[in-house]
Amino acid sequence: MTTGTDAENTVQHGYTDDKDAYLKRLRRIEGQVRGIARMVEEDKYCIDILTQVAAVNKALHAVSMGLLEEHISHCVVGAAQDSQVSGNCDAVQEKVQEATAAIGRLLR
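All figures in this text were calculated on a predicted structure; none of them were measured in a lab.

*Asks:* Account for the overall build of the chain, with residues named and values stated.
*Replies:* The secondary structure content of the chain amounts to four helices and zero strands. Traced from its N-terminal end to its C-terminal end, the chain shows the element sequence α-α-α-α. The buried share of the chain, reckoned over its 108 residues, is 19%. When the accessible surface of the chain is totalled, it reaches about 8,200 Å², and 55% of it is carbon and sulfur.

Right, dumping it as structure tokens:
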């Protein structure tokens, strides 16, 4: 029997080819966040802290947009191609709804 975790590990996601680059960017962002915490601990000037927060937000936004693009180009397009073979468009609608919900979350 395959567990959900095992099944997830066998699926290739759209970002898989760029996984190392995403991890590198996320580690850099993690370091920036630790730096912001250090700035607060050291009572740095609030505008300098806000500048760093804005930089982290911009970096996370870039990661989010890259993942969204990967989802659309891999998952949505893949579902569309599969639906041409199967004649079932439900998977396409599901992937489009996932993308739409993700965009909505990013815009909040």
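Structure shown, so let's carry the discussion forward.
*Asks:* Describe helix H2 (residues 19–41), and please don't skip the residues or the numbers.
*Replies:* When the terminal C-alpha atoms of H2 are compared, their 33 Å separation across 23 residues agrees well with the 33 Å that a helix rising 1.5 Å per residue should span. Among the residues of H2, those classed as buried are Tyr22, Ile29, Gly35, Ile36 and Met39.

*Asks:* Account for the nonpolar core, with residues named and values stated.
*Replies:* Counting seven residues, the largest nonpolar core consists of Tyr22, Ile29, Ile36, Met39, Ile49, Val56 and Val63. Breaking this core down by element, the ones donating at least two residues are H2 and helix H3 (46–86). The biggest single contributor to this core is H2, with four residues. Those residues in contact with Ile49 that lie beyond four places of it in its chain are Ile36, Met39, Val40 and Lys44.

Basis of the calculations
- Residues numbered from 1 in each chain as written.
- Predicted model: local features only at pLDDT ≥ 70, side-chain atom pairs only at ≥ 80, totals over all residues.
- Heavy atoms only, no water.
- Helix = DSSP H or I, 4+ residues; strand = E, 2+ residues; numbered from the N terminus.
- Buried < 20%, exposed > 50% of the residue type's maximum accessible area, 1.4 Å probe, protein only.
- Areas by Shrake-Rupley, 256 points an atom, 1.4 Å probe, with all protein chains shown as cover.
- Expected span 1.5 Å × (residues − 1).
- Core = buried A, V, L, I, M, F, W, Y, C linked by side-chain atoms within 4.5 Å.
- Contact = heavy atoms within 4.5 Å.

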